[in-house]
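# Commentary on secondary and tertiary structure
Chain by chain, the residues:
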2 protein chains.
Amino acid sequence: MRQFIVVGQDAPTTAEFNLDALPGAGRMDLLARCVTASLLLSHGIRENVRTHLVLDDKFTVRFDGSELRRLNPDERSTAALVRTALEEREEAVGHMAVETSPGVSLSRLGFEATLEQVAEDSTVVQLHEHGVPAAEAETPAEPAFVLSNHVDLGADYQEVLEATSDEQLSLGPNPIHADHAITVAHNWLDTGGFAP
Amino acid sequence: MRQFIVVGQDAPTTAEFNLDALPGAGRMDLLARCVTASLLLSHGIRENVRTHLVLDDKFTVRFDGSELRRLNPDERSTAALVRTALEEREEAVGHMAVETSPGVSLSRLGFEATLEQVAEDSTVVQLHEHGVPAAEAETPAEPAFVLSNHVDLGADYQEVLEATSDEQLSLGPNPIHADHAITVAHNWLDTGGFAP
């Protein structure tokens, strides 16, 4: 399985955000694109993918490719799935997840708890400008990539990540958006590490 | 320079489309993501890029990275730039382009005319599942990639493209969305052809 943890440091944690103004809603536009970049092929879903959106270190919305229905490629409808999930926030008690639409669930987990769960059976890959260039690195069998939305991870997040990550990987010389990084990571894995 | 020609086979050619329903507007959501995938870095613009959206074989909206202002990463505001361009459609006479916002211009050019202009000083690359795998191919100095939106290119387009394209390239084993293909193509070029 391939997993992606996307950290939305100032993402909304209630359903009170406007689908017509996603950039102003904690960059929900970018979070939505991370979901679609991780889970969609041209005419299908990547069933071997699980994507976790960590919202303001308080809630995590999980998308399971193997069970997902109704994921469209556009930002607005994807953000609507997140909003639907947040409408159930009072149902997410303790660390129990509540399924809010097919293949989408919400839990009251922050970054550390989500990362710990994922790390149990994954190789945690930190994307880093000084990491090993992807073309020189081995592709892990069960990778989990950690990405931040539009700002660098804060110190608290960084500390947790440094303690847990297994590898640092560089995808290229230019700083790119998180959703684009996900697309490149998939291509790296799809091609067996850019193998000729 | 890197160029991208994105063919919107049933894209709108008037400004009468709804920014709240982009998928229903000839997949304007996808066209918008192609623009941002081609032109944006994490905190900047790729100045060496020119992207051409061909709308229903009738109009072309061109985005010039070297002159572009006010391009945000979200679909809605990018689609609004296209809509603003189409509001000036009566000003686009013959093959003369009209600048509709900084770095964005509209011209009355279909696919063949746009492709011919671009091909004059570019290597035209057709993305194709049976093309040369990217990891084995040389990166052209002045590449121009041709992509279709969500459906395969129709026969008329295909004929024009076959006659003009210099290379066929495969980006990987899975069929991916056009915007994701643009991101992978950039990464291929950024890394000198995935060179270790």
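Only a predicted model underlies this, so the values are computations on that prediction, with no experimental measurement involved. (Residues numbered from 1 in each chain as written. Chains lettered and ligands numbered in written order. Predicted model: local features only at pLDDT ≥ 70, side-chain atom pairs only at ≥ 80, totals over all residues. Heavy atoms only, no water.)

What follows is about the domain arrangement of chain A. Residues and elements named next belong to chain A. Along its sequence, chain A is carved into domain 1 (2-110) and domain 2 (112-190). Computed from C-alpha coordinates alone, the two centres of domain 1 and domain 2 are separated by 19 Å. Taken together, the contact pairs 27 residues of domain 1 with 29 residues of domain 2. Both sides of the domain 1 and domain 2 interface together cover about 2,400 Å² of buried area, and 58% of this is carbon and sulfur. Of all residues in domain 1, the largest losses of buried area upon contact with domain 2 belong to Arg 2, Ile 5 and Gln 9, amounting jointly to 29% of the total for that side. Taken together, the links from domain 1 to domain 2 amount to three salt bridges. Notably, a salt bridge pairs Arg 33 with Asp 179, separated by 3.0 Å at the nearest N-O pair. Where domain 1 touches domain 2, the interface holds 16 residue pairs in polar contact (both at pLDDT 80 or more). Taken together, the elements giving at least two residues each to the side of domain 1 that touches domain 2 come down to strand E1 (2-8), helix H1 (28-39) and strand E4 (49-55). Looking at the side of domain 1 that touches domain 2 element by element, the count peaks at seven residues for E1. In terms of residue class, the side of domain 1 that touches domain 2 is made up of 11 nonpolar, nine polar and seven charged. (Domains from an automatic or database assignment. Contact = heavy atoms within 4.5 Å. Buried area = accessible area lost by both parts, 1.4 Å probe. Salt bridge = Lys/Arg side-chain N within 4 Å of Asp/Glu carboxyl O. Polar contact = N/O pair within 3.5 Å; in protein donor to acceptor, adjacent residues only side chain to side chain. Helix = DSSP H or I, 4+ residues; strand = E, 2+ residues; numbered from the N terminus. Nonpolar A, V, L, I, M, F, W, Y, C, P; charged D, E, K, R; others polar.)

Taken residue by residue, the interface counts 35 residues in chain A and 35 residues in chain B. Summed over both sides, the interface between chain A and chain B buries roughly 3,000 Å², with carbon and sulfur atoms accounting for 59% of that surface. Taken together, chain A and chain B are joined by zero salt bridges. On the surface where chain A and chain B come into contact, there are 11 residue pairs in polar contact (both at pLDDT 80 or more). At the level of elements, H1, strand E2 (40-41), helix H2 (75-86) and helix H5 (178-190) of chain A are the ones that each hand at least two residues to the side of chain A that touches chain B. Among the elements that take part in the side of chain A that touches chain B, H5(A) stands out by supplying five residues, more than any other.

This paragraph deals with the packing of aromatic side chains. Summed over the entire model, instances satisfying the criterion amount to seven aromatic pairs over all chains. Relative to A:Phe145, the ring of A:Phe4 has its centre 5.4 Å away and its plane inclined at 15°; by these criteria the two rings are stacked. Taken together, the positions of A:Phe4 in strand E1 and A:Phe145 in strand E9 (residues 143-148) put the pair 141 residues apart, joining distant regions of the chain. A relative accessible area of 0% places A:Phe4 in the buried class. Judged by relative accessible area, which is 1%, A:Phe145 ranks as buried. Each ring, one from B:Phe145 and one from B:Trp188, has its centre 6.5 Å from the other, and the planes form 75°; the classification is edge-to-face. (Phe/Tyr/Trp six-rings, centres within 6.5 Å; stacked < 30°, edge-to-face > 60°. Buried < 20%, exposed > 50% of the residue type's maximum accessible area, 1.4 Å probe, protein only.)

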